[in-house]
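Coordinate inspection notes
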Amino acid sequence: MQKKTFTLIDNRTGKEVEYPIIEGTRGPAAVDFRNLFKDTGTFSYDPGYTSTASCNSTITFIDGAKGELRYRGIPIEILAKEHSYLETCFLLLNEHLPSISELHNFDLELRHRAFLHEGLRNLFNAFPDNAHPMATLSASVTALASFYQEHLDMNNETEYHEMAHRIIAKMPTLAAFAYRHSLGIPFIQPDIDLSFTKNFLTMMRAYPGGKMHLGPLGHEEIKEIEVRALDTIFTLHADHEQNASTTVVRNVASTGAHPYVAISSGIAALWGRAHGGANESVIAQLEMIGSVENVDAFIARAKDPNDDFRLMGFGHRVYKNFDPRAQVLKKLQDELKETLGLDSRLLDIAGRIEEIALNDEYFVSRHLYPNIDFYTGIILTALKIPKNMFTPVFVIGRTVGWITQWIEFKKDPSSKIARPRQLYLGD
Ligand code: CMC
């Protein structure tokens, strides 16, 4: 039988060391290098963790070469088409899809937990009017930790699930508060009669008092197709294994800090434009390009090694063929084109960029394909969600992933404090 080990030879000394290979249930195997330093006195050097598995996990699987993404074994395309965001949340937390009664109870519990403590209003009011909602959101999630200080018993599932349900339920309310504060309009608390996603859209759009704003034809009610579109976007964002923000959440978890503080740090990491902040940057870039005629000049800038301009919404560390989330959204975008009246000028510019990039040697040879963020912005704009709320929408969807990863980390007996080493090159 083939030996499942990996032999390293230190050519300075000729010393050979053998390491076990650990097989995963899907995807590449990993070499267990945990004893490398003890055995050889050297560290592995891997900035950006391009070849390092930092943990084991049963939550999400990605095959970047095949463009495959699964939550708890179920392909993302099936979840996006046949299941709601709340079903997806339940699946991530409980490792199985809910029965009708489980879903009913889960939904009810989230509705009950969605309101915010009155004390939190004061925190929002301390921020300047023009504060970016991501700054306010991250701070308010840290503040939330101070309202729930109890020590969690990780052997008590009811206890840690309650902690998870609370943050999932409150995140849309926190995000909507952050947005309403940025406009200087009164906060509204969630409505217990509304579903998770409709509630968020309502808290974003409603006139103080809870009624929808008046359009030319009377009250502009939220359409079911809008709710479905946003629900799909939440599902596509729900988890994405060990990306930058999730790694931050796990690293903060490793120090024993409060779970909401870990999530607040995840929000901060997500904000950057190489990660979740890309969705806001995509629309800003499309607006800057302005018309189809200008696309070629920007493509030339993206290809110029002396220009740090990058095409936002293109490329991914793991997907080297296509991003399956982007494919679901492209279909959704086509479906919504007529019904929601997507911005045709932005669509034309985006379409031209996509056409060039998918055929241009620069992008093809580097495996740079449109990612999820390339498509979310145009859809969110049609849902009347402003640019500065695109990344908070990503946060709402991803909260379940972060907290599920937090739970997995805390329950894994092999978890240790995150403490990488360095290659020192100074004096
Ligand atoms: N436009 C132009 N060139 C690019 C782009 C881009 N968007 N992305 C990568 N490249 C080039 C890069 O210049 C490099 O070229 P060369 O080999 O000649 O130096 C090569 O492709 C490899 O790039 P990299 O930076 O080493 O790749 P990475 O895996 O470290 O970075 C990335 C992945 C997503 C940060 C990067 O592709 C990027 O900055 N994309 C734009 C931002 C974006 O859309 N982010 C959202 C990611 S999906 C949402 C999420 O999950 O967070």
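First, a word on scope: everything that follows refers to the structure included in this document. (Residues numbered from 1 in each chain as written. Predicted model: local features only at pLDDT ≥ 70, side-chain atom pairs only at ≥ 80, totals over all residues. Heavy atoms only, no water.)

Let us look at the overall build of the chain. When helices and strands are tallied, the chain shows 18 helices and eight strands. The C-alpha atoms of the chain give 23 Å as radius of gyration, which agrees with the globular expectation for 427 residues (22 Å, within 12%). Residues counted as buried form 47% of the 427 residues belonging to the chain. For the chain, contacts bridging at least 24 residues in sequence account for 70% of all contacts bridging at least 6. Counting only carbon and sulfur atoms, one obtains 53% of the accessible surface of the chain, whose full area is about 21300 Å². The average position of the 44 basic charges and that of the 53 acidic charges among the side chains of the chain differ by 3 Å. (Helix = DSSP H or I, 4+ residues; strand = E, 2+ residues; numbered from the N terminus. Rg over C-alpha atoms; globule rule 2.2 N^0.38 Å. Buried < 20%, exposed > 50% of the residue type's maximum accessible area, 1.4 Å probe, protein only. Contact = heavy atoms within 4.5 Å. Areas by Shrake-Rupley, 256 points an atom, 1.4 Å probe, with all protein chains shown as cover. Lys, Arg positive; Asp, Glu negative; His and termini not counted. Charge placed at Lys NZ, Arg CZ, Asp CG, Glu CD.)

What follows is about the packing of aromatic side chains. Taken as a whole and judged by the stated rule, the model has 17 aromatic pairs. For the pair Tyr 85 and Phe 234, a centre-to-centre distance of 5.4 Å together with 50 degrees between the ring planes defines the contact as tilted. Here Tyr 85, found in helix H3 (residues 85-94), pairs with Phe 234, found in helix H9 (residues 224-237); they are 149 residues apart in sequence, far enough to count as distant. With respect to burial, Tyr 85 and Phe 234 carry one shared label: buried. (Phe/Tyr/Trp six-rings, centres within 6.5 Å; stacked < 30°, edge-to-face > 60°.)

Interaxial distance between helix H7 (residues 157-183) and helix H11 (residues 259-271) falls to 11 Å at its minimum, and their mutual angle equals 40 degrees. In terms of axis orientation, H7 runs oblique to H11. The two elements H7 and H11 meet at a crossing, and its hand is right-handed. Facing H7, whose interface residues are Met 163, Arg 166, Ile 167 and Met 171, H11 presents Pro 259, Tyr 260, Ile 263 and Ile 267. Among the residues making up the contact of H7 with H11, the classes are represented as seven nonpolar, no polar and one charged. (Axes fitted to C-alpha atoms, helices over the stretch in contact; angles between N-to-C directions. Parallel < 35°, antiparallel > 145°, perpendicular 65-115°, else oblique. Left-handed = near helix turned anticlockwise from the far one by under 90°. Nonpolar A, V, L, I, M, F, W, Y, C, P; charged D, E, K, R; others polar.)

The antiparallel open sheet is built from three strands, whose spatial order is E1-E2-E3. The sheet terminates laterally at strand E1 (5-10) and strand E3 (30-31), the two strands that pair on one side only. In this structure, E1 lies alongside strand E2 (residues 15-22), joined through six bridges in antiparallel fashion. Paired with Phe 6 across the bridge in E2 is Tyr 19. (Pairing = 2+ DSSP bridges.)

In this structure, the second largest pocket encloses a volume near 370 Å³. Contributing to the lining of the second largest pocket are 15 residues, with Glu 77, Ala 80, Lys 81, Thr 232 and Val 328 lying nearest its centre. Elements with a contribution of two residues or more to the lining of the second largest pocket: helix H2 (76-82), H9 and helix H14 (324-341). For the lining of the second largest pocket, the element with the most residues is H14, which contributes six residues. Looking at the lining of the second largest pocket, its residues break down into four nonpolar, five polar and six charged. (1 Å grid on protein atoms, 1.4 Å probe; cavity = no way out; pocket = protein on both sides within 12 Å on 5 of 7 lines; lining within 4 Å. Points joined across faces, edges and corners; volume = space filled by probe spheres on them.)

So far we have only geometry, and geometry alone does not tell us how the molecule works.
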